[in-house]
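So you can see what is in the structure, the chains are spelled out below.
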Amino acid sequence: MTVRTHTQEPVTAELDRSALDFTPWRFWADADDERRDRQLALQAELCRERGYVLGERCFVSEQASVTNEVLELGDRTYVAAGAYVSGSLRAGRDCTLNPYTVVRGDVRLGDAVRIGSHTSVLGFNHSTDPDTEVHRQPLTSAGITVGDDVWIGSHVVVLDGVAVGDKAVLAAGAVVTKDVPAGAVVGGNPARLIRWRVPQAAAAPAAGGLAREVREFADTAREQARSLLDRCWDPATGLFVDAPGTAPTVRAQCDAVEIADLLLGGPPPQLPAEEQVARLRSWQDPATGMVGELGADLAPVPPRPGLFDPAAGYHVLSVGYALDLLGSAFAHPIAVVADATPGDVVDGLERQDWEAGAWSAGHWVDILGTAMHWNRRAGVAGKPGAQEALLGWLLTRASPRTGTWGTPGGPDGLLQVVNGYYRASRGTFAQLGLPVPFPERVVDTVLEHARDPRFFRPERQNACDVLDVAHPLWLTRGTGHRGDEVVELARGLLAQALRRWSAGEGFAFRAAHPSTAGTPATTPGLQGTEMWLAIVWLLADLAGLADQLGYRPRGVHRPEPVEG
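Residues numbered from 1 in each chain as written. Predicted model: local features only at pLDDT ≥ 70, side-chain atom pairs only at ≥ 80, totals over all residues. Heavy atoms only, no water.

Regarding the layout of surface pockets
Of the pockets and cavities examined, the largest pocket occupies roughly 1400 Å³. Along its surface, the largest pocket is lined by 47 residues, and Gly110, Asp111, Asp148, Asp541 and Gly544 are the ones closest to its centre. Elements with a minimum of two residues in the lining of the largest pocket: strand E4 (70-73), strand E7 (88-91), strand E9 (102-109), strand E14 (144-146), helix H15 (463-475), helix H16 (483-498) and helix H17 (526-542). If one sorts the elements of the lining of the largest pocket by residue count, H16 sits on top with five residues. (1 Å grid on protein atoms, 1.4 Å probe; cavity = no way out; pocket = protein on both sides within 12 Å on 5 of 7 lines; lining within 4 Å. Points joined across faces, edges and corners; volume = space filled by probe spheres on them. Helix = DSSP H or I, 4+ residues; strand = E, 2+ residues; numbered from the N terminus.)

A closer look at the packing of helix H10 (residues 358-377) against helix H11 (residues 386-397)
For the pair H10 and H11, the least separation of the axes is 11 Å and the interaxial angle reads 145 degrees. Relative to H11, H10 is oriented so that their crossing is left-handed. Residues Val365, Leu368, Gly369, Met372 and Arg376 of H10 form the contact with H11, whose participating residues are Ala386, Gln387, Leu390 and Leu394. Among the residues forming the contact of H10 with H11, the class breakdown is six nonpolar, two polar and one charged. (Axes fitted to C-alpha atoms, helices over the stretch in contact; angles between N-to-C directions. Left-handed = near helix turned anticlockwise from the far one by under 90°. Contact = heavy atoms within 4.5 Å. Nonpolar A, V, L, I, M, F, W, Y, C, P; charged D, E, K, R; others polar.)

Structural notes on the pattern of salt bridges
Within this structure, the stated rule accounts for 32 salt bridges. Its salt-bridge partner being Arg76, residue Asp94 comes within 2.7 Å of it at the nearest N-O pair. Of the two residues, Asp94 sits in the loop between E7 and strand E8 (96-97) while Arg76 sits in the loop between E4 and strand E5 (78-79), which places them 18 residues apart along the sequence. On the basis of relative accessible area, Asp94 is assigned to the buried category, the value being 18%. Among the salt bridges present, the one from Asp547 reaches Arg108, with a minimum N-O distance of 3.2 Å. With Asp547 in the segment after H17 and Arg108 in strand E9, this residue pair connects regions lying 439 residues apart in the sequence. Connected via shared salt-bridge partners are Glu440, Arg441, Asp444, Arg482 and Glu485. (Salt bridge = Lys/Arg side-chain N within 4 Å of Asp/Glu carboxyl O. Buried < 20%, exposed > 50% of the residue type's maximum accessible area, 1.4 Å probe, protein only.)

Describing the sheet that holds strand E18 (residues 169-170)
Read from one edge of the open sheet, eight strands run E2-E5-E8-E10-E15-E18-E20-E21, paired in mixed fashion. Looking at the sheet topology across the chains shown, the edges are occupied by strand E2 (59-60) and strand E21 (192-196). When E18 meets strand E20 (residues 184-187), the two strands line up parallel, connected through two bridges. Each residue of the ladder has a partner; that of Val169, found in E20, is Val185. (Pairing = 2+ DSSP bridges.)

Focus: the confidence of the model for the chain
On average, residues of the chain carry a pLDDT of 90, and 93% of them reach 70 or more. Within the model, pLDDT remains below 50 along residues 2-8, and this stretch shows nine contacts once partners closer than five positions in the same chain are excluded. Note that residues 200-206 has pLDDT below 50 and, in this model, 11 contacts with residues that lie over four places away or in other chains. (pLDDT = per-residue confidence, 0-100.)

Quick notes on unusual backbone geometry
Negative phi characterises most residues that are not glycine, and trans characterises most peptide bonds. In this model, Asn189 is joined to Pro190 through a cis peptide bond whose omega is -10 degrees. Structurally, Pro190 is set in the loop between E20 and E21. Cis geometry is adopted by the peptide bond preceding Phe308, which originates at Leu307 and carries an omega value of -10 degrees. Phi at Arg57 is positive, roughly 55 degrees, even though this residue is not glycine. Relative accessible area serves as the criterion here: at 47%, Arg57 is assigned to the partly exposed category. With a phi angle near 60 degrees, Ala112 is a residue other than glycine that sits in the positive phi range. Structurally, Ala112 is set in the loop between E9 and strand E10 (114-115).

Things to note about the pairing of strand E11 (residues 120-123)
Relative to E11, E9 runs parallel, the two being bridged by four bridges. Paired with Gly105 across the two strands is Gly123, which belongs to E11.

Some remarks on the packing of aromatic side chains
Aromatic ring pairs: the centre-centre distance and the angle between the two ring planes describe each pair. Under the definition given, this model contains 16 aromatic pairs. Measuring from centroid to centroid gives 4.6 Å for Phe27 and Phe59, while their planes differ by 45 degrees, and the two rings are tilted. One end of the pair, Phe27, is in helix H2 (residues 27-30); the other, Phe59, is in strand E2, and 32 residues separate them in sequence. Exposure class is identical for Phe27 and Phe59. Each is buried. Where Trp501 meets Phe507, the ring centres are 5.2 Å apart and the plane angle is 85 degrees; that geometry is what we call edge-to-face. Each of the two residues, Trp501 as well as Phe507, counts as buried. Feature note: the residues Phe217, Trp501, Phe507 and Trp532 constitute an aromatic cluster, connected by ring pairs. (Phe/Tyr/Trp six-rings, centres within 6.5 Å; stacked < 30°, edge-to-face > 60°.)

Written out as structure tokens, the structure reads:
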């Protein structure tokens, strides 16, 4: 980057312009149009020429040295004059690199990290072999991870391999050589605990070890992706099975597509993508638009008409998103939904057992909302008012006390309403990018449910129950409500999930337990692997560690709203 001078202007004017490089928090309020345009042009050039990713209202001083291989800055993050930034830096929103800050190596900053002037964050190191001059020794990098809402004072040094937890404070002049727990205030050389900024964080673990576990898990999963897909490929039928010894299913084909997309960045290598697309499209029943389950002859059983054949319902999601990942779509509209009137929609909603079977009711809503999406994408609008009837019913029937649909209680406590909430909100509000009603009450309900040991002791967990907690918390994360508790829960569930990976086989749907050992649910397979990979991403993102994974779901469990 170059420094531009303007000797034709008065010295005081140039000093005023230069001051914004040292006080960049004033830039977008005080800079004139010419200076703003120049900053935007500089950012556009950096993104175009170097592949950087810069959020809204960022600032990168022309007087900074920015030579990163990777640079990602969230909204309103700035790099002030004199800063020296190199290596790989990924920073969240509202971060500050103040004048003469040095940030080098592999560094990840959460949201709202403030770094004081003359501070060095050094995510690399030399070895100390006495027989080789230091400058000739190779560099190593364990990386530095900093959580959310962290204040790093001036003249601080943070050394490679350190993880700093959320809401920590590194006092001016500190030399930080080991992990800093969440909420701690540390200072001195070497840095030691001074007090707690957040008292309850005293017993909370730092994120560094978990970050490394996440990164190592992702590397392992990618290395073993081909072998776990090979394990579930049946050459005799040319189809995937969920696990060896089981029969081919429609969902197994779709789970294989999702896993390959997550871990390999493309379609499953066992079958050319065009053949997989042709097969999935051919399985759709033209009359109903649904995809039935495979029969003994490996052809789909024609679905029954109406809303919805239980054996075909989930295929609206799994086949639709598998085709989407493969660059295709259903061959026909989903006619049973395209033909549904607003009255049919309301009647279907009213017939669901929201009192005792909220999960099944939410499943029904998920299918309906997703089918409406695929039809709209195909240019089939459906009956006027049908989608409005669906969303209006959900908005007016959500409980102000729990934020969910259905009635909590009974032998399963909150299980039905929480699990049903995930399915109903996924196919409607989440899929369309709409705000959910009563989001803070949803957080309260989900956190209460997650304390139920019947479902969340490590040996009793299954993919549905954990997913149905992770997604609602992710969906409502923008409220900030009980944020520390959400992060603590996410980290605990994430650590437990990572340790369930079976080498070369993936994940089982259910954790091993004496009452379930040896059952299909505890055998690693495609369904468990697809679901837990998405769960791991959601939990990691809640914990501020998703960038360690190197993948992001794009199918059924995609975090972003759909397009089209």
